[in-house]
Amino acid sequence: MEPELHYAPPIINTTQSLKRLIDELEPHRFIAVDTEMDCYYHYHEKICLVQLSTEDTDYLLDPLALDLSPLNNIFNRSDCTAIFHAGGNDIPYLYRDHHLLFKNIFDTYVAADLLNLPSKGLAGLVKMYFDVDIDKKYQRADWTIRPIPADMDYYARHDTHYLIKLREILLPKLKEAKLESAALHSFESLTKSRVTPKQFNPDNWIHIKEVRKLPQEYYGVIKALYIARENIAQELDLALFRVLPDYILVKLALLCPKNEADLLQAFADSSHLKQVERFSLTILQAVLEGQNGEPVFWPKTKQRTGNRLSERQSVIYDRLRAWRNKCVKEGIFGASLLTNRMLAGLVKAAPLNQQDLKQLTIAPSEILTTHGEVILELINS
């Protein structure tokens, strides 16, 4: 039977309650952190809820009503460790939206991956170690709703409630497997992760599924529709699929409706009729522009030259990656212990001997020490 979660105070949404929270958090050395976003609903995603847990209390904070930067008084201390699960989904946005910095973190997803555990997701780990089932049905809920419904409140607290205890379980396992410094290397990288701003590329229509099946004469229409959808999404702050899903763009390109009556008739029995009707004028204008504009051809993909590997380096990289994938499959180490970026760094560094390897900070020292001979052989053979 699932145990009761600790009592959660009302959602913290005033500067006064935030100050009280900071006072309460002051003596705690370990604080679990998670966020809920609205990217499923909006184009300009933002943090809508922050969950915190100590050893004895779970808290919910409203970032839509508060500036959370005063929490730096807690998280930027050297004696405080923030515990995340897949913190790469949270830390960049907490920095972007609230300028939060984390001096020390522990990430239970990274730890599970390094240990190559059979389950790395939070629900799987909680089931494995606490025999508790976490229902993920609210993962795509609208977290802008206020007041937050009780069942969503309960769901949100699950995401941090078990993290401190998970750390207590996983940390000794990392030490036993001699992976602690590898984990610290990954954790430090996560603290520096930042959001990459969205950059719209009008030629990315080529990545729409099924678009390759379109004859070339339809490329102008699909591109015009793709651009029109982007403009609507940005203006109305809607997730792209909430304007028009990709497959509807392809259907519209093939249909090339001449007027609103033809357009609405084609979608009369579709679940997307309301969306098509709402944006009908923009759709028709885009179709017309696509048909009457200059011919559009399949764009040439831009080659990256700055960090591109040479032909010989690519061969070595593929050799290293095949070996790494085999080790991961056989449970020798987790994938995050030696990422593709680390492999590329090793190839470019081209170490000749163990001394060269020891001087590198590209990958965790454990992996370079334990598997150094194999790595050197694969690089230099």
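Relevant structure appears above.
What comes next concerns the included structure. Numbers given for residues are sequential positions, taken from 1 along each chain in its written order. For a predicted model such as this one, the threshold for reporting local features is a pLDDT of at least 70, and the threshold for listing and counting side-chain atom pairs is 80 or more; totals across whole chains, interfaces and linings nevertheless cover every residue. To obtain the side-chain values, all non-hydrogen atoms of the structure were used and water was disregarded.

Quick look at the sheet that holds strand E3 (residues 58–61) now. Pairing between strands is defined by DSSP: at least two bridges between the two strands are required. Secondary structure elements are defined from DSSP: runs of H or I of at least 4 residues count as helices, runs of E of at least 2 residues count as strands, and each element is numbered from the N terminus. With mixed pairing, 5 strands are arranged side by side in an open sheet as E3-E2-E1-E4-E5. Strands at the two margins of the open sheet, each flanked by one partner only, are E3 and strand E5 (104–107). Strand-to-strand, the axes of this sheet are offset by a mean angle of 25°, without reference to chain direction. One ladder, built from 4 bridges, connects strand E4 (residues 81–84) with E5; its direction is parallel. Bridge pairing in E5 links Phe84 to Asp107. Contacts are assigned to residue pairs that have any heavy atoms within 4.5 Å of one another. Lines fitted to the C-alpha atoms define the axes, with helices restricted to the stretch that makes contact. Angles between their N-to-C directions range from 0 to 180 degrees. Along the sheet face, helix H3 (residues 91–98) touches strand E1 (30–37), strand E2 (47–53), E4 and E5 and points at about 115° away from the line of E2.

Here, a salt bridge means any side-chain nitrogen of Lys or Arg that lies within 4 Å of a carboxyl oxygen of Asp or Glu. This structure, assessed with the given rule, holds 16 salt bridges. As a salt-bridge pair, Lys198 and Glu45 come within 3.6 Å of each other at their nearest N and O atoms. Of the two residues, Lys198 is situated in the loop between helix H8 (180–191) and helix H9 (219–236) and Glu45 in the loop between E1 and E2; the sequence distance between them amounts to 153 residues. When its relative accessible area of 52% is taken as the criterion, Lys198 is described as exposed. On the basis of relative accessibility, which here comes to 14%, the residue Glu45 falls in the buried class. For Lys213, the salt bridge identified is with Glu210, shortest N-O distance 2.9 Å. On the basis of relative accessible area, Lys213 is assigned to the exposed category, the value being 65%. Whether a residue is buried, partly exposed or exposed follows from its accessible area with a 1.4 Å probe, protein chains only, as a fraction of its type maximum: under 20%, in between, or over 50%, in that order. According to the relative accessible area criterion, Glu210 is partly exposed, its value standing at 38%. Through salt bridges with shared partners, a single network forms among Glu45, Arg96, Asp97 and Lys198.

Inspection of the secondary structure puts Leu337 in the loop between helix H15 (311–329) and helix H16 (340–349). For the pair formed by Leu337 and Tyr247, sequence separation is 90 residues and the distance between their alpha carbons is 38 Å.

This brings us to the nonpolar core. Ranked by internal contacts, the top residues of the largest apolar core, which has 76 residues, are Leu18, Leu52, Leu61, Leu71, Phe75, Phe102 and Leu338. Per-element accounting of this core gives the leading share, 6 residues, to helix H7 (residues 163–176). Not counting residues up to four positions away in its chain, the partners in contact with Leu338 are Trp323, Arg324, Phe333, Leu343, Leu346, Ala363 and Ile367. Put simply, a nonpolar core is a bunch of buried Ala, Val, Leu, Ile, Met, Phe, Trp, Tyr and Cys residues held in one set by side-chain atoms that sit within 4.5 Å of each other.

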